[in-house]
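# Fold and geometry: a report
For reference, the chains in residue letters:
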Number of protein chains: 2
Amino acid sequence: MRSVYLDYAAATPVRKEVAVAMKPFISDIFANPSSVHAAGKRAHEAMEKARAIVQKILHVEKNSEIIFTGSGTESINLALKGVMRAYQNKGNHLITTKIEHKAVLETCAYLEKYGGCHVTYLDVDRFGRVNPRDVERAITSKTVLVSVMYANNEIGTVQPIMEIGKITKKHHILFHTDACQAAGALDINVKHLGVDLLTLNGSKMYGPKGTGILYVREGVHLVPLVHGGRQELGLRGGTENVPGIVGFAKALDLVERERGREVNRLCTLRDYFIKRIISGISGSTLNGDPTNRLPNNINVSFSGIDAEVLVKMLSAQGIYVSAGSACTANSVIVSHVLTALGVPNTFAMGTLRFTLGRSTTRSDLDAVLRTLKSNIKIIRKTGTYLVGRSSRGK
Amino acid sequence: MRSVYLDYAAATPVRKEVAVAMKPFISDIFANPSSVHAAGKRAHEAMEKARAIVQKILHVEKNSEIIFTGSGTESINLALKGVMRAYQNKGNHLITTKIEHKAVLETCAYLEKYGGCHVTYLDVDRFGRVNPRDVERAITSKTVLVSVMYANNEIGTVQPIMEIGKITKKHHILFHTDACQAAGALDINVKHLGVDLLTLNGSKMYGPKGTGILYVREGVHLVPLVHGGRQELGLRGGTENVPGIVGFAKALDLVERERGREVNRLCTLRDYFIKRIISGISGSTLNGDPTNRLPNNINVSFSGIDAEVLVKMLSAQGIYVSAGSACTANSVIVSHVLTALGVPNTFAMGTLRFTLGRSTTRSDLDAVLRTLKSNIKIIRKTGTYLVGRSSRGK
């Protein structure tokens, strides 16, 4: 049986077109873009061409508003720490939600511990939606920044970013959104969204690992996270990763061009898969918002199942999915997102995340459904499973 | 005429063997190494195999002492900010030198401005050497960390790291060295060096851009720079750049294996080139230490020359070298390193850095010498040069 990868929210393969775009900058046009000579200029020009592509897609006024970083996580750290540091004379209050990615939550914990900051963690409803009125109510005279993710990486719930953007604008507060899961699925026009800062991650959109961007609206001040040379307008020191930057822009350009069609295709597959699971497997419930949801996300809890056992069983059969949130090394603890949604523990422990991608077909999903059903039947019957039987011997 | 690249200290091409090693992890073994399934495990295993290679080369006890980052600059930021934060109850004093890379100096400036730190910037002698006794004299009861670069990126001077390591050990102070220019040229066995933290940069050793490592001796505490998931033992959040990590390890392994022979070859070329320049071009002087010097570094000042003009002239003729330090975007201001050495301004303004690499041959250097001589003659005669004549029109 051919393997079926349904973990696109954790990592995507680099597309062939992206690898082709990056290739000249690996060993040929390899000079340091800061170098004055012609070899450096060529690298610099490629980088600025990439920046212009990103700029256009995000509908950003100036190319100086696009900062290339080393990951989505780094962009988030730069946004939150950079803003809170730069505006420390204005205030020390940050508003976020309980279901953000760990990159936001751990950065907030750091800011509370070392940065003299006070953080409000907003509740979400049972679908994982934050209420814009809760954002407004949380604002104090000390509030500097609101950070709400565009779409949740675990449950796929899409947040009302535009409404929150109107509120932050009204109160003259900065607004950052973690849009790492949004590219290729949602509108990332920063003018429409009304955000001041926005994070993207190349490795979640068929681009290279080790690449991120931070959009920073002109006029927003940041203290750098990585100090060094004057690269990226002095906001991020270190020799620029030219092939990574070129690949990021190419990947973003491709997913944006194909977005309309691919979103339709994925939504159809997603809804088909959800319907088949819920109707075909007893004790299964969908987590997240049934409609305001990423086109590729299916997050389902199965009662009385140990998700890790199920993930390993499926893996041994060539089906790759996530238990809980996949972005944290080797951890399968109950997800903070499911906890915030009020999912009972017996369900939360048996949660799988299936995330579809460009290569996913209906017949893949049918095959996964059959295997899933029989595995769940086995687990529920025996209460256990010998993981050691996996063909990988692990 | 074929072009001659003599700017290997600014950037190196990715070696073919490195690109080959990285290839499987671009689009095939692309899963998130944190994923529990077999696809994730394969990525994880490749990453850990790479870590073991680095561990062995650095003679590090445990693989948990090797942290992969996104650049040499990031590693330096993590080392300095991470240590000063973690030991803030012990003290707030850091000792470094006036000729460090901007990654160290700008991080120190940040720590002084925002971190409540006090930094001592040691002088160097006219060859760029720091005196270990100066390090010892600067130590106070509040000293937490000493950071001295292994070899200078501009002038190539190698510092007495082992002697400094003995002093810091005696005084129970932590010692970080920026070894970004050292890999492939000098012994990077951390046991020999006696350092507690060491920074390396993949893109300076024929590895991929956007990769760095920080060696952190077991028992040394760090507050992370990039917060997020539990990757890299919780010291650096963000999906690991598996192809970058694999490529880094391969590049380091190759330069280390070839080091003995390549160092001999480069030293011979370097000394030949220095001799020919100094004897053949009037008003030229070598900067840096004549003997304790990187095998590939030639830093020469030419009196009465504007280095930027000369770099652009050479570039138009297909010869790529640096003016001053190349690691800072678009800047050709008098280098802080030459200032610290006491090089008079009229010489400092006319400084070129030639850095040799794997593909450099004696006939390359002969060709460069001829062009260099005639260009310097033209500049000194006319006092000017039309940069617009470059074939790239820039």
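Look up: the structure comes first, before these words.
Being a predicted model, the structure only gives us computed values, none of them experimental.

Using the criterion set out here, one finds 38 salt bridges over all chains in the structure. In this structure, the salt-bridge partner of A:Glu256 is A:Arg259, at a minimum N-O distance of 3.2 Å. The class of A:Glu256 is partly exposed, set by a relative accessible area of 22%. When its relative accessible area of 18% is taken as the criterion, A:Arg259 is described as buried. A salt bridge links B:Arg15 to B:Glu17; the shortest N-O distance between them is 3.0 Å. A single network of salt bridges, built from pairs that share partners, joins A:Arg15, A:Glu17, A:Glu258 and A:Arg358.

A few words now on the pairing of strand β6 (residues 174-178) of chain B. Residue and element names in this part refer to chain B. Counting buried positions over the five residues of β6 gives five, a clear majority of the element. Of the two faces of β6, the one holding Leu-174, His-176 and Asp-178 and the one holding Phe-175 and Thr-177 are both buried throughout. Strand direction decides the pairing type here: strand β5 (residues 143-147) and β6, joined by three bridges, are parallel. Paired with Val-146 across the two strands is Phe-175, which belongs to β6. In terms of strand pairing, β6 meets strand β7 (residues 197-201) through three bridges, oriented parallel. Bridge assignment links Thr-177 to a residue of β7, and that residue is Leu-198.

What follows deals with the relation of the copies chain A and chain B. With an RMSD of 0.0 Å, the fit of chain A onto chain B corresponds to turning through 180 degrees and sliding 0.0 Å along the axis. When the rotation and shift are considered jointly, the pair of chain copies conforms to a two-fold rotation axis. By C-alpha distance to the rotation axis, the residue of chain A lying nearest is A:Gly70, at 2.9 Å. Taken together, the interface assignments show that 100% of the residues at the interface of chain A recur at the interface of chain B, consistent with an identical surface on both copies.

Residues and elements named next belong to chain B. What the seven strands build is an open sheet, ordered β2-β8-β7-β6-β5-β3-β4; its pairing is mixed. Lying at the two open borders of the sheet, with one neighbouring strand each, are β2 (66-69) and β4 (118-122). Neighbouring strand axes in the sheet, compared pairwise and without regard to direction, differ in orientation by 20 degrees on average. Summarising the sheet, strand β3 (residues 93-97) and β4 pair through five bridges and their orientation is parallel. Of the residues in β4, the one forming a bridge with Leu-94 is Val-119. Strands in contact with helix α7 (residues 161-170) are β5 and β6; relative to β6, the strand with the most contacts, it is inclined by about 160 degrees.

With that out of the way, let us pick up the pairing of strand β3 (residues 93-97) of chain A. Residue and element names in this part refer to chain A. Within β3, five of the five residues are buried, leaving the element largely enclosed by the surrounding structure. Every second residue of β3 is oriented toward a common face, with His-93, Ile-95 and Thr-97 on one face and Leu-94 and Thr-96 on the other, all of them buried. Each parallel crossover has a hand, and the one from β3 via helix α5 (residues 102-114) to strand β4 (residues 118-122) is right-handed. By the bridge criterion, three bridges tie β3 to strand β5 (residues 143-147) in an arrangement that is parallel. Paired with His-93 across the two strands is Thr-143, which belongs to β5.

All names here are of chain A. In the structure shown here, the tally under the stated rule is 12 aromatic pairs over all chains. Residues Phe-68 and Phe-248 carry aromatic rings whose centres are separated by 6.3 Å and whose planes lie at 75 degrees to one another, so their mutual orientation is edge-to-face. Of this pair, Phe-68 sits in strand β2 (residues 66-69) while Phe-248 sits in helix α9 (residues 242-257), and the two are 180 residues apart along the sequence. Like Phe-248, Phe-68 is buried.

Note on placement: B:Ser335 falls in the loop between β12 (322-323) and α12 (336-341). With a relative accessible area of 6%, B:Ser335 lands in the buried category.

On to the side chain of B:Gln181, then. All names here are of chain B. Tracing the chain through its elements places Gln-181 in the loop between β6 and α8 (190-193). Residue Gln-181 is classed as buried on the basis of its relative accessible area, which comes to 14%. Within polar-contact distance, the side chain of Gln-181 engages the backbone oxygen of Ala-9 at 3.2 Å. Residue contacts for Gln-181: discarding those within four places in its chain leaves Ala-9, Ala-151, Asn-153, Lys-204 and Leu-294.

What follows covers the interface of chain A and chain B. Taken together, the contact pairs 65 residues of chain A with 65 residues of chain B. In total, about 5700 Å² of surface goes out of reach between chain A and chain B, with carbon and sulfur atoms giving 60% of it. When the buried area of chain A at its contact with chain B is split by residue, A:Phe30, A:Lys209 and A:His227 rank highest and sum to 13% of it. Scanning the region where chain A abuts chain B turns up zero salt bridges. The interface formed by chain A and chain B holds 22 residue pairs in polar contact (both at pLDDT 80 or more) in total. Of all the secondary-structure elements, those providing two or more residues to the side of chain A that touches chain B are α2 (24-27), α3 (38-58), α4 (72-86), α5, α9 and α11 (307-316) of chain A. No other element matches α5(A), which puts six residues into the side of chain A that touches chain B. Considered class by class, the residues forming the side of chain A that touches chain B number 26 nonpolar, 23 polar and 16 charged.

Cut-offs used in this document
Residues numbered from 1 in each chain as written. Chains lettered and ligands numbered in written order. Predicted model: local features only at pLDDT ≥ 70, side-chain atom pairs only at ≥ 80, totals over all residues. Heavy atoms only, no water. Salt bridge = Lys/Arg side-chain N within 4 Å of Asp/Glu carboxyl O. Buried < 20%, exposed > 50% of the residue type's maximum accessible area, 1.4 Å probe, protein only. Helix = DSSP H or I, 4+ residues; strand = E, 2+ residues; numbered from the N terminus. Pairing = 2+ DSSP bridges. Least-squares fit on C-alpha atoms with pLDDT ≥ 70 in both. Contact = heavy atoms within 4.5 Å. Axes fitted to C-alpha atoms, helices over the stretch in contact; angles between N-to-C directions. Right-handed = clockwise from strand over helix to strand, strands pointing away. Phe/Tyr/Trp six-rings, centres within 6.5 Å; stacked < 30°, edge-to-face > 60°. Polar contact = N/O pair within 3.5 Å; in protein donor to acceptor, adjacent residues only side chain to side chain. Buried area = accessible area lost by both parts, 1.4 Å probe. Nonpolar A, V, L, I, M, F, W, Y, C, P; charged D, E, K, R; others polar.

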